[in-house]
Every structure is written in C-alpha cells, then in structure tokens.
Amino acid sequence: DAGITQSPRHKVTETGTPVTLRCHQTENHRYMYWYRQDPGHGLRLIHYSYGVKDTDKGEVSDGYSVSRSKTEDFLLTLESATSSQTSVYFCAISDVDRINYGYTFGSGTRLTVV
Amino acid sequence: EDKVVQSPLSLVVHEGDTVTLNCSYEVTNFRSLLWYKQEKKAPTFLFMLTSSGIEKKSGRLSNILDKKELSSILNITATQTGDSAIYLCAPSGGYQKVTFGTGTKLQVIP
C-alpha cells in the first residue's frame, strides 16, 4: 500500500535462527503495529508503538521483540524462530488526526519456519 | 478477554444478490467498530462506526452498529464478483486495543 512497505515479502528460515522483519512508513504516523494472521485466529496483535522508542506488548508477544528508533521504521525480531511462528505478518499504521480512516496495512510478509 | 464473533464464516452467492454479514462483540471500554475488506493481500479499511443506529453508506455497502445488542451488520447489495473477499470486523477499545474477528469469506459467482 502507498506509504507503508514491508520487507521482505517472503522468507523461509530455519528453526532457532533470529529473523527481523521491517516496516517502513512515509506517512509520519505516530502509531505502528505488528500483527500476525493465521487461519482460525484472524489478526492478532504482537507489539505496537506509540512513538520513537515507545513500544508495548500485544496479545501474542512471546518470542518477539520490536524496536523503533525512527518514526518511519518499526522492526519485528523473532529471537529464535519456531515452527509456530510460521505465519503472515502485517504491519499497520494509524494517526490521531486520521482516526476515522482506521489502520493502513502493509502488504504483509509470509514467513515460513522449517 | 475481548471477543469477536462473525457469521456466517463463509457464503457463496450469485452476482446481484444481497448479503448480510454479522458481527457480535464483547470489548472492554468499547469506542468504535471498524470493518475491513481483505482480498489477496492486506486488509483495506471500509467503515468506522461509533454511534448506534446511524447507518453509514458507501456505494452498495452499508453498515450499522447496535451498541445495545453489541453487534454490527454489513450489507452489500447487488453483489459483484469484485466483492469476493474476506470481511473483517474489528471492535476497538482504543488505538492499541483493536480485536479482529476471523472474518466472513464471501464468494460471488457470475
């Protein structure tokens, strides 16, 4: 989507390796989020950020960490990837001034842990 | 724990039909309810509702919220094949407290 990009788009990694996914926005939005989407579970919040260096946990944060050193970048790290972390990961952004427009999602990263 | 239940889980209709998608929720400190459409990739925003009984319309789509019944309905009239997607309901208790339902998968056949 315009204004928000995720990288990589696809990744296959081995169990036990660290993995970092990147979300980059050009909208200068304050809030950024990482979700994972799995069949039967819908979208579940992993971590979110409400400003540079301000982050908090979501409902499924175990095994994940995040960092936000600049407004435009929000990184998600799987410290030691497991097969249960095979999923599609979406980044989203939102802003106080545009609350009536909901979240804007990135195109997703499909991660496979083998 | 916040909960969202969408029904039906899936449905198949013919072009021109009208469909009604349902969303029931239990959310602490409810503030708004959002609907998204997800085709092959990322969800895209459709509606946000905060007030009961006020219908929002966008073309052939309309949406209404009932805060007393803790539910919302999304109607699509004169369906087209381009409406085929997963429709996600997402009640919100704040910026970081959006709970997504698992969605209704709609398939519109010619």
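This is a predicted model, so every value here is computed, not measured.

Undergrad: Explain the interface of chain B and chain A to me, please; I cannot follow it from the model alone.
TA: It is common to report an interface's size as the accessible area lost on association of the parts. Across the boundary between the two partners, chain B contributes 15 residues, which contact 23 residues of chain A. Both faces considered, chain B and chain A share a buried interface measuring about 1600 Å² in area, 62% of it formed by carbon and sulfur atoms. The interface formed by chain B and chain A holds 0 salt bridges in total. Taken together, chain B and chain A are joined by 2 residue pairs in polar contact (both at pLDDT 80 or more). Listed by contribution, the elements that provide at least two residues to the side of chain B that touches chain A are β4 (32-38) and β5 (43-49) of chain B. Looking at the side of chain B that touches chain A, its residues break down into 10 nonpolar, 4 polar and 1 charged.

Undergrad: What should I look at first to understand the packing of aromatic side chains in this one?
TA: For the structure on display, the rule yields 15 aromatic pairs over all chains. Ring centres of Tyr48 of chain A and Tyr50 of chain A lie 6.2 Å apart, and the angle between their planes is 45 degrees; on these two criteria the pair is classed as tilted. Overall, the relative accessible area of 32% leaves Tyr50 of chain A in the partly exposed class. Summarising the aromatic geometry, the rings of Tyr36 of chain B and Phe100 of chain B are spaced 5.7 Å apart at their centres and angled 45 degrees between planes, so their arrangement reads as tilted. Here Tyr36 of chain B, found in strand β4, pairs with Phe100 of chain B, found in the loop between β9 (85-92) and β10 (104-109); they are 64 residues apart in sequence, far enough to count as distant. Judged by its relative accessible area of 1%, Tyr36 of chain B falls in the buried class.

Undergrad: Teacher, can you tell me more about the nonpolar core here?
TA: Generally speaking, a soluble globular protein has its nonpolar side chains buried in company with each other. Residue and element names in this part refer to chain B. Ranked by size, the top nonpolar core spans 21 residues in total, and within it Leu33, Trp35, Leu74, Tyr87 and Leu106 carry the most contacts. Counting only elements with at least two residues in this core, the list comes to β2 (10-14), β3 (19-26), β4, β5, β7 (61-66), β8 (71-76), β9 and β10. A per-element tally of this core places β3 first, with 4 residues. Here Leu74 is in contact with Val19, Thr20, Leu21, Trp35, Leu46, Phe47, Leu61, Ser62, Asn63 and Tyr87, once residues within four sequence places are set aside.

Undergrad: Would you mind showing me how to read unusual backbone geometry here?
TA: When glycine is set aside, most residues are seen to have a negative phi, and most peptide bonds are trans. With an omega of -5 degrees, the peptide bond between Ser7 of chain A and Pro8 of chain A qualifies as cis. With respect to the element layout, Pro8 of chain A can be found in the loop between β1 (4-7) and β2 (10-13). Here the residue pair Ser7 of chain B and Pro8 of chain B is connected by a cis peptide bond, since its omega of -10 degrees sits within 30 degrees of zero. The topology assignment puts Pro8 of chain B in the loop between β1 (3-7) and β2. With a phi close to 65 degrees, Lys53 of chain A is a non-glycine residue in the positive phi region. Assignment of secondary structure puts Lys53 of chain A in the loop between β5 (42-51) and β6 (54-57).

Undergrad: When you look at the sheet that holds β5 of chain B in this model, what are you seeing that I'm missing?
TA: Backbone hydrogen bonds hold the strands of a sheet together, and the pairing may be parallel or antiparallel. All names here are of chain B. Pairing is mixed across the open sheet formed by 5 strands, whose spatial order is β2-β10-β9-β4-β5. Two strands in the sheet have a free side with no partner beyond their single neighbour: β2 and β5. Between one strand axis and the next, the sheet turns through 25 degrees on average, direction left out of account. Two strands pair when backbone bridges link them, and β4 and β5 are joined in this way by 6 bridges, in the antiparallel orientation. From the neighbouring strand, Tyr36 faces β5, where its bridge partner is Phe45.

What counts and what doesn't
Residues numbered from 1 in each chain as written. Chains lettered and ligands numbered in written order. Predicted model: local features only at pLDDT ≥ 70, side-chain atom pairs only at ≥ 80, totals over all residues. Heavy atoms only, no water. Contact = heavy atoms within 4.5 Å. Buried area = accessible area lost by both parts, 1.4 Å probe. Salt bridge = Lys/Arg side-chain N within 4 Å of Asp/Glu carboxyl O. Polar contact = N/O pair within 3.5 Å; in protein donor to acceptor, adjacent residues only side chain to side chain. Helix = DSSP H or I, 4+ residues; strand = E, 2+ residues; numbered from the N terminus. Nonpolar A, V, L, I, M, F, W, Y, C, P; charged D, E, K, R; others polar. Phe/Tyr/Trp six-rings, centres within 6.5 Å; stacked < 30°, edge-to-face > 60°. Buried < 20%, exposed > 50% of the residue type's maximum accessible area, 1.4 Å probe, protein only. Core = buried A, V, L, I, M, F, W, Y, C linked by side-chain atoms within 4.5 Å. Pairing = 2+ DSSP bridges. Axes fitted to C-alpha atoms, helices over the stretch in contact; angles between N-to-C directions.

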